[in-house]
Amino acid sequence: MTALLATTGAPEPAAVQFDPPLSASSLACPSFHRFMHYSRIFYHQQRYTNGGPLVHQLERRLADWHGVRSCVATSSGFWTLVLAAQALAIPGRPEVVIPSLTYRRLADAMHLAGLVPHFCEVERDSLAATPATISPHLNDRTGLILGIHPIVGNCDAPGIVRLGQTAGVPVLFDSVESAFATVDGRRVGSFPDAECFSLHASKLLNGFEGGYVTTDNEQLAQQLREARAFGMWEYDQTNRLGTNAKMNEMHAAMALANLDEVGALLLHNRRIFDTYQQHLEGIAGLRLLQPEAGELDGFKAVVVALEPSWPLPMDVTQQQLHDHGVLSRTYYSPALHTKQYSYPVVAETLPVTESLQDRFSLLPCGSRVTRHQVLQVCALLRTMGAGHV
Ligand SMILES: *Cc1c(COP(=O)(O)O)cnc(C)c1O
């Protein structure tokens, strides 16, 4: 075993114990000075929330980045999805088609938007829903298609947009995982009808909490500005159904400071990914998911698939990693259509999704992980794969 490790130049794995534990979250941390620079602006103006100067600045810069007319910032990615789905869905047509293999809370968001989630398959290679997997589920009750970018790589956004246009059904994208990506060379965030993003601390752009919608539809943007602020559309008018999903100025200050420094984070993420790529190679049974070649990508998540030749079940793999202070997590498990719900859903058997749902694990990455730690994690995985842990 020592000889094997010597060839990788990696430290002795049995001794690896990460303390504090290694996180699989991004947790970007801008310079304090920069955060304070932005924070002083709202503090001195005493504009804390309700569309202050920093939220406006953030919305302008994000709209420019994504190459889209309007950006509407909110308190979270989750509420962004609820409000945008509510605004876009065709009235009187209650179903929304969404992939089952996805982020855990998406069915709940669609239910809170007043819609019935109707689950569809993903394609085995991309782990994304495609026009071919979505269209069998379209019917005269379909009011919305939710296109979702997978955790690594992208969905066929142009194809899904064309499908929606042909079927006469609006399309909303959950683009949280592809915030700094392109599809066919076009910036994610610029596809119709609208796209949703998160600014949670674990995502690429950290605003502590927060979310935003991008759209070229200014009427929709205006509707969302009203919806996030108690449904008010004129001063002190409250005639419409509303909620409080506004972004506050301090969160915008954090997001702006991180946006200034995002270039460095993208480079760091790329180097971490490349290090995994190099050092996971040759470990039988682990396959690193690859972002789309030839496109921009944020390299935010590092995800491995456990293949049949990997000797350990998923739960044992997770337990052994946790025992060494590696906070890995499963992703895509359980598939949404296999869960019990207290609200209506349309769930059929989805064999591809069922065969994929327990195979993916997030590995440590993000702003705080070093390349040296990645080498240690890879050495640990190599030892686990050889049955020596
Ligand atoms: C995190 C996440 C969300 C929710 O965003 P919050 O800001 O945490 O509410 C939605 N969709 C996906 C794909 C996510 O990863």
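As the structure is a computational prediction, the values presented were derived from the model and not from experiment. (Residues numbered from 1 in each chain as written. Predicted model: local features only at pLDDT ≥ 70, side-chain atom pairs only at ≥ 80, totals over all residues. Heavy atoms only, no water.)

Enquirer: Tell me about the overall build of the protein, and name the residues and values.
Expert: Counting its regular elements, the protein contains 13 helices and 13 strands. The C-alpha atoms of the protein give a radius of gyration of 22 Å, which matches the 21 Å a tight globule of 389 residues would have. When its C-alpha atoms are laid out on the principal axes, the protein stretches across 75 × 55 × 40 Å. Each of the 389 residues in the protein was classed as buried or not, and the buried ones make up 55%. Summarising the internal contacts of the protein: among those between residues at least 6 apart in sequence, 71% fall at separations of at least 24. A total accessible area of about 16800 Å² is found for the protein, and carbon and sulfur atoms account for 52% of it. Considering the protein, the positive charge centre built from 29 side chains and the negative charge centre built from 36 side chains are found 5 Å apart. (Helix = DSSP H or I, 4+ residues; strand = E, 2+ residues; numbered from the N terminus. Rg over C-alpha atoms; globule rule 2.2 N^0.38 Å. Buried < 20%, exposed > 50% of the residue type's maximum accessible area, 1.4 Å probe, protein only. Contact = heavy atoms within 4.5 Å. Areas by Shrake-Rupley, 256 points an atom, 1.4 Å probe, with all protein chains shown as cover. Lys, Arg positive; Asp, Glu negative; His and termini not counted. Charge placed at Lys NZ, Arg CZ, Asp CG, Glu CD.)

Enquirer: Go over the packing of helix α4 (residues 77–88) against helix α8 (residues 218–228) with me, naming the residues and quoting the values.
Expert: The contact between α4 and α8 brings their axes to 10 Å, and the two run at 130°. Judged by the angle between their axes, α4 and α8 are oblique. You can see that α4 and α8 cross each other, and the crossing is right-handed. The segment α4 lies against α8, with Leu83, Ala84, Ala87 and Leu88 engaging Leu220, Gln223, Leu224, Ala227 and Arg228. Among the residues making up the contact of α4 with α8, the classes are represented as seven nonpolar, one polar and one charged. (Axes fitted to C-alpha atoms, helices over the stretch in contact; angles between N-to-C directions. Parallel < 35°, antiparallel > 145°, perpendicular 65-115°, else oblique. Left-handed = near helix turned anticlockwise from the far one by under 90°. Nonpolar A, V, L, I, M, F, W, Y, C, P; charged D, E, K, R; others polar.)

Enquirer: Requested: an account of the nonpolar core, with residues and values cited.
Expert: Within the largest apolar cluster, 47 residues are counted, with the highest numbers of intra-cluster contacts made by Leu58, Ile134 and Phe173. Put simply, the parts of the chain that give this core at least two residues each are α2 (32–45), α3 (53–66), β1 (70–74), α7 (157–167), β5 (171–174), α9 (249–260) and α10 (262–280). The leading source of residues in this core is α9, at seven residues. Sequence-distant contacts of Leu58, that is, excluding residues within four places in its chain, are made with Leu199, Met247, Ala252, Ala255, Leu256 and Leu259. (Core = buried A, V, L, I, M, F, W, Y, C linked by side-chain atoms within 4.5 Å.)

Enquirer: Got a sec to walk through the sheet that holds strand β13 (residues 360–363)? Specific residues and values, please.
Expert: Reading across the sheet, the four strands line up as β10-β11-β13-β12 and stay open at both edges, with antiparallel pairing between neighbours. At either end of the open sheet lies a strand with only one pairing partner, and these are β10 (286–288) and β12 (329–331). When strand polarity is set aside, the average angle formed by the axes of neighbouring strands in this sheet is 40°. Relative to β13, strand β11 (residues 302–306) runs antiparallel, the two being bridged by four bridges. Across the sheet, residue Val303 finds its bridge partner in β13, namely Leu362. (Pairing = 2+ DSSP bridges.)

Enquirer: Give me the sheet that holds strand β4 (residues 142–148): which residues, what numbers.
Expert: What the seven strands build is an open sheet, ordered β1-β9-β8-β5-β4-β2-β3; its pairing is mixed. A single partner strand is all that each edge strand has here, and the edge strands are β1 and β3 (116–120). When strand polarity is set aside, the average angle formed by the axes of neighbouring strands in this sheet is 25°. As paired strands, β4 and β5 are joined by four bridges and run parallel to one another. Residue pairing for β5: Gly147 is matched across the bridge by Phe173. With respect to the sheet, α4 is in contact with β1, β4, β5, β8 (194–198) and β9 (211–215), its orientation differing from that of β8 by roughly 165°. Across the sheet, α7 touches β4 and β5, and the angle it forms with β5 is around 155°.

Enquirer: A description of the site of the ligand should follow, citing residues and the corresponding values.
Expert: Every residue near the ligand is listed here: Ser76, Gly77, Phe78, Leu81, Tyr103, Asp174, Val176, Glu177, Ser198, His200, Lys203 and Gly210. Note that a nitrogen atom of the ligand is positioned 2.6 Å from one of the side-chain N or O atoms of Asp174. Glu177 is positioned with one of its side-chain polar atoms (N or O) 3.3 Å from an oxygen atom of the ligand. Top contributing element to the shell around the ligand by residue count: α4, with three residues. Here the residues of the shell around the ligand are counted per class, giving four nonpolar, five polar and three charged. (Near = heavy atom within 4 Å. Polar contact = N/O pair within 3.5 Å; in protein donor to acceptor, adjacent residues only side chain to side chain.)

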